[in-house]
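Listed below, chain by chain, are the residues.
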Amino acid sequence: QERRQQRIAARKARRGGGGGGGGDVTTTDDDDGHVGSEYDDYDDEDDDDDDTGSESGGGGEDKVLTEPILPEPTITVEMLCKLITEFTGTFEGMNKDFQLAKATAKQVLQNVLSSLEQLARVLSPAEYRPFILQSKTILCNDAGSTTARLRFALPDYTDTLNIPPGHYISIRVCMKDGKIVYRPYCVVSPPDTQGYFEILVKCLRLGDVSSHLCGLSEGEVVHVLGHLPQFPYKRNMCGRIGMVAGGLGVVSMLQIIRSICADMRDVTEVSLLYIVGGWRDPDIDAELHLLQQANPTKLRVTVVTEAQVQVDLPSLLEIYMPVTSPSTTKSIYFSSSSSSSSSSPSKPSSTAVRPDAHHALSPMKILVCAAPYIVNATRTAL
């Protein structure tokens, strides 16, 4: 107590001498005889820090303390991935409570990571986002229909869609009468294309949405949701895939073919039966040709005409589809490439799934995306 009183007196004298007009020090005496003061929390090492300003009214200016401005923390996906990897590493000899806590923390971190990835994505599966039409190229203009390649700009020139193989986007269109309609489209540009994405649109006379899209001018906006699963594909999910594609239905197959051919660890064998009418997209033909040349053991492409299909589709399927015997376990997906408009977003209409037993372990899949009459004929043959 004597030392405390000496420090208080010395501090009072120093403040009074420096500022002239120092005030009294208020002290209290508690039940234990302890004398408290407003200086109790100071120690000897802090004496030199009190020379500026005074609560008792010194002559100097009050010292304005400002909170330091710290940079906002930056959390990247890579940082979270590293954190999850380090946190969920293998530990030997840990008790069950720790393992449970580790598993819970892992799930929380994965949820945070998923949320950040969702915010960083250009597309959203939960909301329609606006995209500006950058360019429109008329590829074919027949008497009955027009085919156009539409290019939409992404928010930044470095952005990519990164749509997984076998997924599609949904485009929302507001018609002149105020009706909201939706249409699923597959993206024809590669998933790592930066700055834009492209779709192919076949404009039919009775197609409300396709006519609206083909009639767009550069700078106009469409609203897009995605990506959504159509033929979800993962590496080596089956040993063989048979594909039947008619017209622009080949775009759905092209996504999966690209993924398989680009992945050295994917050993899936693909057989594509490509049914064409009059006009064919030269870019798609050239890409399929290059992919087949570079991956002769993975990809086989057979081009047939609609006339051949109308004559004897079952024979073509028997020759070109990888079905070895009637007992082969297979999963078959049917999708019409010319679905009708709907009032709510959904998978392409005329879609049916006919899985055999052991669907998840199926060694072969048959994917069909073509005009309705080809879908029905393939359904009957298979």
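Above this text you will find the structure in question.
About the thresholds
Residues numbered from 1 in each chain as written. Predicted model: local features only at pLDDT ≥ 70, side-chain atom pairs only at ≥ 80, totals over all residues. Heavy atoms only, no water. Helix = DSSP H or I, 4+ residues; strand = E, 2+ residues; numbered from the N terminus. Contact = heavy atoms within 4.5 Å. Areas by Shrake-Rupley, 256 points an atom, 1.4 Å probe, with all protein chains shown as cover. Polar contact = N/O pair within 3.5 Å; in protein donor to acceptor, adjacent residues only side chain to side chain. Pairing = 2+ DSSP bridges. Right-handed = clockwise from strand over helix to strand, strands pointing away. Phe/Tyr/Trp six-rings, centres within 6.5 Å; stacked < 30°, edge-to-face > 60°. Buried < 20%, exposed > 50% of the residue type's maximum accessible area, 1.4 Å probe, protein only. Axes fitted to C-alpha atoms, helices over the stretch in contact; angles between N-to-C directions. Core = buried A, V, L, I, M, F, W, Y, C linked by side-chain atoms within 4.5 Å. Salt bridge = Lys/Arg side-chain N within 4 Å of Asp/Glu carboxyl O.

Chemist: Could you clarify how one ought to interpret the overall build of the chain in this entry?
Modeler: Tallying secondary structure elements over the chain gives eight helices and 14 strands in all. Excluding contacts between residues fewer than 6 apart, the proportion of contacts in the chain whose partners are at least 24 apart in sequence is 72%. Here the chain displays about 22,200 Å² of accessible surface, and carbon together with sulfur accounts for 53% of that area.

Chemist: Explanation requested: the side chain of Ser 170 in the structure shown.
Modeler: Summarising the element assignment, Ser 170 is placed in strand β5 (residues 167–174). At a separation of 2.8 Å, a polar atom in the side chain of Ser 170 contacts the side chain of Tyr 128.

Chemist: What is the right way to look at the pairing of strand β11 (residues 299–305) in this model?
Modeler: Within a regular strand, the side chains alternate between the two sheet faces. Alignment of strand β10 (residues 269–276) against β11, held across seven bridges, turns out to be parallel. Among the inter-strand pairings, Val 276 is bridged to a residue of β11, identified as Thr 305. The handedness of the β10 to β11 crossover, carried by helix α6 (residues 282–294), is right-handed.

Chemist: What am I meant to see in the packing of aromatic side chains here?
Modeler: Here a ring pair, both rings aromatic, is described through the centre-centre distance and the interplanar angle of the planes. For the coordinates displayed, the defined rule picks out three aromatic pairs. Pairing Phe 131 with Phe 197 gives two aromatic rings, centres 5.6 Å apart and planes at 85°, and the pair type is edge-to-face. Here Phe 131 is found in strand β3 (residues 129–141), whereas its partner Phe 197 is found in strand β7 (residues 196–204), with 66 residues between them in sequence. Taking the relative accessible area as the measure of exposure, Phe 131 reaches 2% and is therefore buried. You can call Phe 197 buried: its relative accessible area is 2%. Ring centres of Phe 152 and Phe 197 lie 5.5 Å apart, and the angle between their planes is 25°; on these two criteria the pair is classed as stacked. Residue Phe 152 is located in strand β4 (residues 145–153), and its partner Phe 197 is located in strand β7; the two are separated by 45 residues in the primary sequence. The residues Phe 152 and Phe 197 share a single accessibility class, namely buried. A network of ring pairs unites the aromatic residues Phe 131, Phe 152 and Phe 197 as a single cluster.

Chemist: Before we go on, may I ask you to explain the sheet that holds β3 in this structure?
Modeler: Two modes of strand pairing occur in sheets, parallel and antiparallel, and in both the strands are linked by backbone hydrogen bonds. Strand order in the open sheet made by the six strands is β6-β5-β8-β3-β4-β7, with antiparallel pairing throughout. Of all strands in the sheet, those with a lone pairing partner are β6 (180–185) and β7, marking the two edges. The mean inter-strand angle of the sheet, taken between neighbouring strand axes irrespective of direction, is 40°. Pairing analysis gives nine bridges linking β4 to β7, with the strands arranged antiparallel. Among the inter-strand pairings, Arg 149 is bridged to a residue of β7, identified as Leu 200.

Chemist: How should I be thinking about the nonpolar core in this particular structure?
Modeler: Soluble globular proteins tend to bury their nonpolar side chains together. Core analysis: the largest hydrophobic core is formed by 33 residues, its most contacted members being Ile 241, Met 243, Met 253, Ile 257 and Leu 272. Elements with a minimum of two residues in this core: β8 (221–229), β9 (240–246), α5 (250–262), β10, α6, β11 and β14 (364–370). With eight residues, α5 is the single largest residue contributor to this core. Leave out the neighbours within four places in its chain, and Met 253 touches Phe 231, Met 243, Val 244, Ala 245, Leu 272, Leu 367, Val 368 and Cys 369. If you look at the next biggest cluster of nonpolar residues, it comprises 27 residues, including Ile 163, Ile 169, Phe 197 and Val 222.

Chemist: I'm lost on the environment of Val 304 in this one. Help?
Modeler: For Val 304, the position within the fold is in strand β11. You can call Val 304 buried: its relative accessible area is 3%. Separated by 30 residues in the primary sequence, Val 304 and Tyr 274 have C-alpha atoms spaced 6.2 Å apart. Excluding residues within four positions of it along the chain, Val 304 makes contact with Leu 273, Tyr 274, Ile 275, Val 276, Val 309 and Leu 316.

Chemist: I tried to follow the pattern of salt bridges on my own but got confused; where do I start?
Modeler: Oppositely charged side chains can form a pair if their charged atoms are brought close together. With the rule as written, the count across this model stands at eight salt bridges. Here Glu 198 makes a salt bridge to Arg 149, at a shortest N to O gap of 3.0 Å. Residue Glu 198 is located in strand β7, and its partner Arg 149 is located in strand β4; the two are separated by 49 residues in the primary sequence. Here the two residues Glu 198 and Arg 149 agree in accessibility, since each one is buried. Glu 198 is the partner of Arg 151 in a salt bridge, and the nearest nitrogen-oxygen pair spans 2.8 Å. Of this pair, Arg 151 sits in strand β4 while Glu 198 sits in strand β7, placing them 47 residues apart in sequence. The exposure class of Arg 151 is partly exposed, given its relative accessible area of 24%. Taking the relative accessible area as the measure of exposure, Glu 198 reaches 9% and is therefore buried. Residues joined in a network through salt bridges with shared partners are Arg 149, Arg 151, Glu 198, Asp 281 and Asp 283.

Chemist: Please clarify how unusual backbone geometry should be interpreted in this entry.
Modeler: Excluding glycine, most residues fall at negative phi; most peptide bonds, likewise, are trans. Residue His 227 follows Gly 226 across a cis peptide bond; omega there is -5°. Mapped onto the elements of the fold, His 227 is located in strand β8. One non-glycine residue with positive phi stands out, namely Asn 162, at about 50°. Residue position: Asn 162 is located in the loop between β4 and β5.

Chemist: Mind showing me how you'd approach the pairing of β3 here?
Modeler: Sheet topology places β3 next to β8; four bridges connect them, and they run antiparallel. Counted as the bridge partner of Ile 132 is Val 221 from β8. Where β3 and β4 come together, eight bridges link them in antiparallel fashion. Within the sheet, the bridge partner assigned to Cys 140 lies in β4 and is Thr 147.

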